[in-house]
Structures are given as C-alpha cells and as structure tokens.
Amino acid sequence: MSETVLGILASGRGSNMQVILNNIHSGQIHAKIGVVISDHPTAKVLEIASAAGIPAVCVERKNFATKQEFEAAIAAELVNHEVKLVVLAGFMRILSGYFIGLFSGRIMNIHPSLLPAFPGLHAHEQVLAYGAKVSGCTIHFVDEGVDTGPIIMQQAVAVLADDTADRLAERIIKVEHALYSKAIGLYCEQRLCIEGRNVKIIEG
Ligand code: GAR
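The text that follows walks through the structure, step by step, so that each part is easy to find. (Residues numbered from 1 in each chain as written. Predicted model: local features only at pLDDT ≥ 70, side-chain atom pairs only at ≥ 80, totals over all residues. Heavy atoms only, no water.)

**Some points on the nonpolar core**
Across soluble globular proteins, nonpolar side chains show a tendency to be buried alongside one another. Counting 44 residues, the largest nonpolar core has L6, M17, I20, I33, M108 and I184 as its most contacted members. The dominant element in this core, judged by the number of residues it contributes, is helix α6 (residues 165-188), at 10 residues. Excluding its chain neighbours within four sequence positions, the residues that come into contact with I33 are L6, I8, M17, I20, L21, I24 and I54. (Core = buried A, V, L, I, M, F, W, Y, C linked by side-chain atoms within 4.5 Å. Buried < 20%, exposed > 50% of the residue type's maximum accessible area, 1.4 Å probe, protein only. Helix = DSSP H or I, 4+ residues; strand = E, 2+ residues; numbered from the N terminus. Contact = heavy atoms within 4.5 Å.)

**A short note on the site of the ligand**
Taken together, R13, G14, S15, N16, G90, M92, I110, H111, P112, I173 and E176 form the complete shell of residues around the ligand. S15 is positioned such that a nitrogen or oxygen atom in its side chain is 2.6 Å from an oxygen atom of the ligand. Separating an oxygen atom of the ligand from a backbone N or O atom of N16 is a distance of 2.9 Å. Against a free-state accessible area of 450 Å², the protein chains account for coverage of 87% of the ligand. (Near = heavy atom within 4 Å. Polar contact = N/O pair within 3.5 Å; in protein donor to acceptor, adjacent residues only side chain to side chain. Areas by Shrake-Rupley, 256 points an atom, 1.4 Å probe, with all protein chains shown as cover.)

**What about the state of the cysteines?**
Scanning the model with the defined rule gives 0 disulfides in all. Here C193 is not cross-linked by a disulfide; its sulfur's nearest cysteine counterpart is in C188, at 16 Å. (Disulfide = S-S within 2.5 Å.)

**Observations regarding unusual backbone geometry**
The phi angle of most residues is negative, glycine excepted, and most peptide bonds adopt the trans form. Omega for the peptide link from L115 to P116 comes to 10 degrees, which places this bond in the cis form. Its location among the elements puts P116 in the loop between β5 (107-111) and α5 (123-130). In this structure, H122 is a non-glycine residue whose phi angle is positive, near 55 degrees. If you trace the backbone, H122 turns up in the loop between β5 and α5.

This is the structure we're talking about:
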C-alpha cells in the first residue's frame, strides 16, 4: 500500500504535528506529510515543519477579501501537494461547507473534550466552569457543524479537584498525542469506514 499524503493545518505550537511526524519516522503511521499550512506567520508549527524539510506555508486570512478565497488558497496548496487526508491539529478556524465539500470524508480534527460536550473554543475552561468530573479528547471527521462530525476515537481523562485549565490541558494533550496518531494510522491502513454518524473500525 502506498504512503498516504497528509496535509496538516495548524495555528499554533504544533505539538500534535510533531508527534505525528515522530510516529511517521518510527513507522507507526504509514504516511508522509506533504505540507503544513498555518494561518499565523509566526506559528511554531511552521518552524517545526521547515526544520524537518517539510513544505511549510502560511496562508493568512487578511490577505483575502472573502473566506472562500482564503479557503480556496489553502485547498490549492493541499491539492498541489497531492494531499489525501487533511489533518486539523489545533487549527483555530471554522471551515465552511465549501472547503469541507472539496475534501469530503477526508478531514480529521482533534478536540480537547469529550464531544458532544464542550465544543468550540476554550474547552478546558468550559469543562471547569461546568463542574464536569471527566473530560478527555475526541478525534472526529469534520462536517459542516462546529465539532459535530462523526466520532472516530475518544479517551477520557479525569478532572481533578484542584485542576486549572492549564493543568487539565497538560494531562489531556498527552492523551491527544497518542490517540491522534492511532486514528491517522487507521485511516492510512484504510480501516475507517464512515456509516452515517458512525465510524466503524475494521479489524486489522
Ligand atoms: C490541542 O489541544 C487541540 O486539541 C486543540 O488545540 C491544541 C493544539 O495544540 N484544538 C482545538 O481546540 C480545536 N478546537 P498543538 O498546537 O500543540 O498541537
């Protein structure tokens, strides 16, 4: 089976991207990262990609008159680099139906809560403000809603009595790192099957 080409979209420090790259190098994920795209010129994720010799591209929203033109520029980069799976790794923008239609069933996201609870921004703060005792992370395919697409994998993390958003985030990010590579690996082995809202994992 040939390597699946990943296109990573990220807005920030890129720790998920770094772990995905490490797990490609170690052979856990049979893929290659074709391009890393950020909407922030100073995002650390672009430095990590460049240092690893991966095409690193900044596409800034302010350089485009409309959201569709901005997304079309991102899509053009993905297509140019022959990307099969779009991996959102801390990409802090909501993608429109136009973009999602271009890569239907081929966009994955990671969110730091147990969806459908606490979607959107500041998930950890939401969890603590609500008083939830369990949080975690979710990997899902992206649909047109905000964090509403078919769920691929989830893992719970206990909320502790003295948690701050930062402490909870620190424990959850470790779980994110392991889970995202597993989900991407399954996709690359063609073991994920979307049936309506359900994602079936085909036994290996
Ligand atoms: C991760 O915690 C990811 O789950 C979150 O952003 C962080 C990115 O960290 N994504 C979202 O909140 C999306 N709604 P990273 O840049 O170190 O990978």
